[in-house]
2 protein chains.
Amino acid sequence: MKTILIRNVFFKERHVDILISGNRFSHISPAGEVSYEADEVIDGEGYAIVPPFYNMHTHAAMTLLRGYADDMPLKTWLEDYIWPYEATLTPDDIRKGTEIAIREMIKSGTVFFSDMYFEIPETIDVVNRMGVRAAIGVTFMDNHAKAVRNEKTRFIEEWKDPSGGRICLTAAPHAIYTVSAEGLKYSFGLARKHGLKIHMHLSETLGEVEQCIKEHGMRPVHYLDSLGLLGPDVILAHCVHVDDSEIAVLAKHDVTVVHCPCSNMKLGSGIFPYRKMIEAGVRVTLGTDGASSNNNLDMGEEMKFAALLSKTLGDVECLPADMAFKWATRNGAMGFGNDGGIIEEGRLADCLLIDTSEERMQPLHHFMANWVYSADSSCIDTVICDGRILMRGRKLLV
Amino acid sequence: MKTILIRNVFFKERHVDILISGNRFSHISPAGEVSYEADEVIDGEGYAIVPPFYNMHTHAAMTLLRGYADDMPLKTWLEDYIWPYEATLTPDDIRKGTEIAIREMIKSGTVFFSDMYFEIPETIDVVNRMGVRAAIGVTFMDNHAKAVRNEKTRFIEEWKDPSGGRICLTAAPHAIYTVSAEGLKYSFGLARKHGLKIHMHLSETLGEVEQCIKEHGMRPVHYLDSLGLLGPDVILAHCVHVDDSEIAVLAKHDVTVVHCPCSNMKLGSGIFPYRKMIEAGVRVTLGTDGASSNNNLDMGEEMKFAALLSKTLGDVECLPADMAFKWATRNGAMGFGNDGGIIEEGRLADCLLIDTSEERMQPLHHFMANWVYSADSSCIDTVICDGRILMRGRKLLV
C-alpha cells in the first residue's frame, strides 16, 4: 500500500504531519511529533491543506460550448445555439470535452463531479483514466424511444465500477417538464432498486413553476412529494423558485439541494432563497452547471458568488465563509453518502495544498476568509484524490 | 529607446506582430508581414493580447486587513474592527500593504489603480519602484485639523511625479457625510486649480442617501450639482443608490462612475442600476474597493461579477462581455484622460498576454466571452506596463 507523508502543513490553525496510506488519511499528528516512514514525502511548509471541491451539478462535456453563445434570452440560446450544436456532437467530441473539463476541474481544486449528459461510456472511461471521482447520470426523458429507455435500464442493471470506488451512477430524470409522472416513477424506482442516487433539475426558472402549477395544480416540490418520490437519496439542482412550504418539505425529506449561483445569475433565473434554506436546515451543496452558462467549472468561484449573492440585498451575515466552504465540500460528499469532503483519520485521502505565500492568501488573519473570498485557482499547488497526486506545483500529472 | 517585439500574437480574431518602442505601441501589422528589429522578442504563439485592467477605486494598503473581519454588519465591521486596526498602522505597514497589493494586482492583470488612503508618500514610492500606474488620492475630511489640510494643500502645490508619467494625484474628499459643503468646494477648487481629477465615494448605501435628503433636502448627486461641483473630471465610487434623475445629471456632466460589484455585494449595499446607467450613456468603470470588503484586488473577478449581477434579476442581455471588458479597461483610462486601456499604434504600451492553451480559455469560439466569463488570473502569463515587462511566465520581475 503506497504511503504519502505531507509534512508540517497548516491545518485548522496549527501545523500537522499527515500520513496517507493507500486511499485514506491514516494518521494526523502535530508537526514533528511522530516519525513516519513513507514512500513519498511532500514538504507542506508554506501550504495549507483543505478538502477539495464537490461539483454537484454539471454537464462536463459542455466545455465544448464554452463561449459559443452568451448574453441572450434563454429560448434563443437553447433553441438557436445550444441544441443545434449538441446535435452534432460525436462520442469522440464528448471524450475531448470531458478531458478539458476534468483538467480544468483538477486545476481549480475539484475532485468530484455529478454529471448529466450523454455518451456516458466515454465520460466514464475518461474519469476512470484521469483519477477523479464522478457520479454519472443516466438520463431519462420522455422523448427517448422505448428502446433507449430499455438500453439505459440494462446499463444500470449491468453496471460495474471500473475504477475501484471512484465512479457511481445516478438515475437522472431530466426535469418535471421533460419527464412525465410515469417516467419519474420509473427512473426513481430503478434508482432505488439498485441503490443509486437520483439527480434532476428542479425549479430553476419561474416559468417552470408556473407550468407545473398549471398542469398539476401545485408547485414542483409538492408535485414530487405527491408522487411519493422525495427522500435523502434525491439531489435537486437549482431550487431557485421554492416557497417556504416547499423548503419545509425539502428539509423534512432530507433532500440534497444543489445551488448553482453563476449559472442562475448568468441566465437571469433569480436569487436562491439562502436565508430560508439555511434556517430550515436543508443540506445545500454547490455546482457550476455546464460551462456554456457559467462559463467555467471553478467551484472556488461558486463559493464566492454564493457567499456574496446571499448578502447582496442587505443580509450581510447570511452565508459566512465557513458555511459556503462546507456547501462546496463536505455537504456534497454527504449528499452522496461518501466519507470524503473532510480531512480526518480514516477518511478518503482527497485534499488540496494551498500556497499561503500567494499575495491573495496574505496576511493569514483567517485562512477560511482568504480561501473563500480572496483566493483563485492560482493559489492551488497540489491536488490529491484517492491517495493519488493529480497535480503538483500546478502541473497536471494525469 | 528600448524595443520589444511580440510576434504572432492573437489580437481581435487575427494574428499580428506588435512592436513596442519605449513606452508606446509603435507598429501593429499582420503576423510575418514586416521584419522588425527589436531588443527583446516575445514569441506570442499560443497567447492573446489584451489591454490590462484599470482598478478605479481601491485602498491598496488595506490588503493588511484582508480577512481580518468578515460577515458582520457594516457598523460593527467598521467601528469594532477596521478603524481600530487602521489606527495602529505605521508608514512602514502602509509600504508593506501596498507592496502586497501591487504584486497581487500585477498577477491579476491590473497596471493602474486609483487609490484613496493615508501615508501617501509611502504609496507613491512603492508605485514608482514597482512600475505600475496609479492615481494617488490626497484625502480631505472635516475631522482633519487645519494644519493637516494646509499640509495636503502644499503637497498638491509642490507635487512632481517622480516616475516620468505613471503617477498622478487626485483630490479625494472622502464623502458627503464626512466633508462639508465648504470642504467639498475647497478640495474640488484645489483640484481644478492644479488640473487634478477628483475621486470620492458617493451613494454607496441607502443610509447615506437618506441622511443627505434629511440634511440638504435633496439626493446626493443633486446636492453635488447644486454646489456646482460636477464635471468630467469627477470620479464617483459606488453610485448604487441613484435614481433616474440623478443618472441623467451624471450623464449630462460626463462624470465617471466606479462600480464595485464585489464590495457592494459583500457589504449588502444593493444592486447597481446597470440598465439605466447604460441607457443614459454614463461612463461606467470598475473597481475592487479595498481588500477588506472584497477580499481581493482582482479586476477579472469584478468583470464577471458585474456582468452576472446585471443579469441576475432577469435582464440577460444587460451587460454583455465586451461591455464589461470596456468598463474594466478603456473606460478607466478615459476617466483619467490618458490614452491607455486600448491596444493601438501610438498608445501607451500596456498589455497582458493570455495563455489560450489554458483549459478555461478553450475552445476559442469567442475570445472575449472566455476572457470575461471563464478566465481567472492563472491564465495571465505576461504583464507589460509603460513598455516594461512586470511579469513573464507568471513570475514577477519587480
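Residues numbered from 1 in each chain as written. Chains lettered and ligands numbered in written order. Predicted model: local features only at pLDDT ≥ 70, side-chain atom pairs only at ≥ 80, totals over all residues.

Engineer: Explain the relation of the copies chain B and chain A residue by residue, including any values.
Structural biologist: Mapping between the two copies of the chain is achieved by a rotation about an axis and a shift along the axis. Once chain B has been moved 0.0 Å along the axis and rotated by 180°, it coincides with chain A to within an RMSD of 0.0 Å. As the rotation angle and translation indicate, the two copies are arranged about a two-fold axis. Minimal C-alpha distance to the rotation axis in chain B is attained by S378(B), lying at 2.5 Å. Looking at chain B, 100% of its interface residues are interface residues in chain A too, so the copies touch through the same face. (Least-squares fit on C-alpha atoms with pLDDT ≥ 70 in both. Contact = placed C-beta atoms within 7 Å.)

Engineer: Now, about unusual backbone geometry: what can you tell me, with residues and values included?
Structural biologist: The general pattern is negative phi for most residues beyond glycine and trans for most peptide bonds. All names here are of chain A. With omega at 10°, the peptide bond leading from N294 into N295 counts as cis. Even without glycine at this site, D289 takes up a positive phi of about 60°. On the secondary structure map, D289 appears in the loop between β13 (283-286) and α11 (299-309). Under the C-beta neighbour-count criterion, D289 is labelled buried, with 28 such atoms within 10 Å. (Helix = DSSP H or I, 4+ residues; strand = E, 2+ residues; numbered from the N terminus. Buried ≥ 20, exposed ≤ 12 C-beta atoms within 10 Å, placed from the backbone.)

Engineer: Which residues make up helix α12 (residues 321-328) of chain B, and what values go with them?
Structural biologist: Most of α12(B) is tucked away: seven of the eight residues are buried. Close packing links the buried residues of α12(B) with β6 (53-58), β13 (283-286), α11 (299-309), α13 (330-335) and α14 (367-374) of chain B.

Engineer: Got a sec to walk through the packing of helix α2 (residues 91-107) of chain A against helix α3 (residues 120-130) of chain A? Specific residues and values, please.
Structural biologist: Residues and elements named next belong to chain A. Where α2 contacts α3, the two axes come as close as 9 Å, and the packing angle between them is 35°. The interaxial crossing formed by α2 with α3 has right-handed handedness. Within the contact between the two elements, α2 uses P91, I94, R95, T98, E99 and I102 and α3 uses E122, T123, V126, V127 and M130. Grouping the amino acids of the contact of α2 with α3 by side-chain chemistry returns six nonpolar, two polar and three charged. (Axes fitted to C-alpha atoms, helices over the stretch in contact; angles between N-to-C directions. Left-handed = near helix turned anticlockwise from the far one by under 90°. Nonpolar A, V, L, I, M, F, W, Y, C, P; charged D, E, K, R; others polar.)

Engineer: Please set out the interface of chain B and chain A residue by residue, giving values where relevant.
Structural biologist: Tallying the contact residues gives 46 residues for chain B and 46 residues for chain A. Among the elements of the structure, α2 (91-107), α9 (261-266), α11 and α14 of chain B are those that each provide at least two residues to the side of chain B that touches chain A. Here the side of chain B that touches chain A is built from residues that sort into 18 nonpolar, 14 polar and 14 charged.

Engineer: Residue-level account of the sheet that holds strand β6 (residues 53-58) of chain A, with values.
Structural biologist: All names here are of chain A. In space, the eight strands of this open sheet follow the order β6-β7-β8-β9-β10-β11-β12-β13, with parallel pairing throughout. The open sheet has two edge strands with one neighbour each: β6 and β13. Between one strand axis and the next, the sheet turns through 25° on average, direction left out of account. As defined by bridge partners, strand β8 (residues 133-140) adjoins strand β9 (residues 167-173) across seven bridges and the pair is classed as parallel. By the bridge assignment for β9, G137 is matched with T170. (Pairing = 2+ DSSP bridges.)

Engineer: A description of the environment of F336(B) should follow, citing residues and the corresponding values.
Structural biologist: Residue and element names in this part refer to chain B. Note that F336 resides in the loop between α13 and β14 (351-355). F336 sits 206 residues away from M130 along the chain, and the two C-alpha atoms are 21 Å apart. If we ignore the near neighbours within four places in the chain, the residues touching F336 are A135 and K197.

Engineer: So what's going on with the confidence of the model for chain A? Which residues, and what values?
Structural biologist: Here chain A averages 97 in pLDDT, while 100% of its residues score no lower than 70. Interface scoring of the predicted complex returns ipTM 0.98; its pTM is 0.98. (pLDDT = per-residue confidence, 0-100.)

Engineer: Can you break down the packing of α11(B) against α12(B) residue by residue, with the values?
Structural biologist: All names here are of chain B. Put simply, α11 and α12 touch, their axes get as near as 9 Å, and they point 135° apart. Comparing their axes, α12 and α11 come out oblique. As α11 runs across α12, the sense of the crossing is right-handed. Each of M299, E302, M303, A306 and A307 in α11 lies in contact with α12, whose residues at this interface are A321, A324, F325, W327 and A328. Residue composition of the contact of α11 with α12, by class: nine nonpolar, no polar and one charged. (Parallel < 35°, antiparallel > 145°, perpendicular 65-115°, else oblique.)

Engineer: Residues and numbers for the sheet that holds β13(B), please.
Structural biologist: Across a sheet, strands are paired by hydrogen bonds formed along the backbone, either parallel or antiparallel in direction. Residue and element names in this part refer to chain B. With parallel pairing, eight strands are arranged side by side in an open sheet as β6-β7-β8-β9-β10-β11-β12-β13. Since the sheet does not close on itself, it has two edges, and those belong to β6 and β13, each with one partner. Looking at each pair of strands side by side, their axes are set apart by 25° on average, direction ignored. Relative to strand β7 (residues 110-116), β6 runs parallel, the two being bridged by four bridges. The residue of β7 that forms the bridge with N55 is F113.

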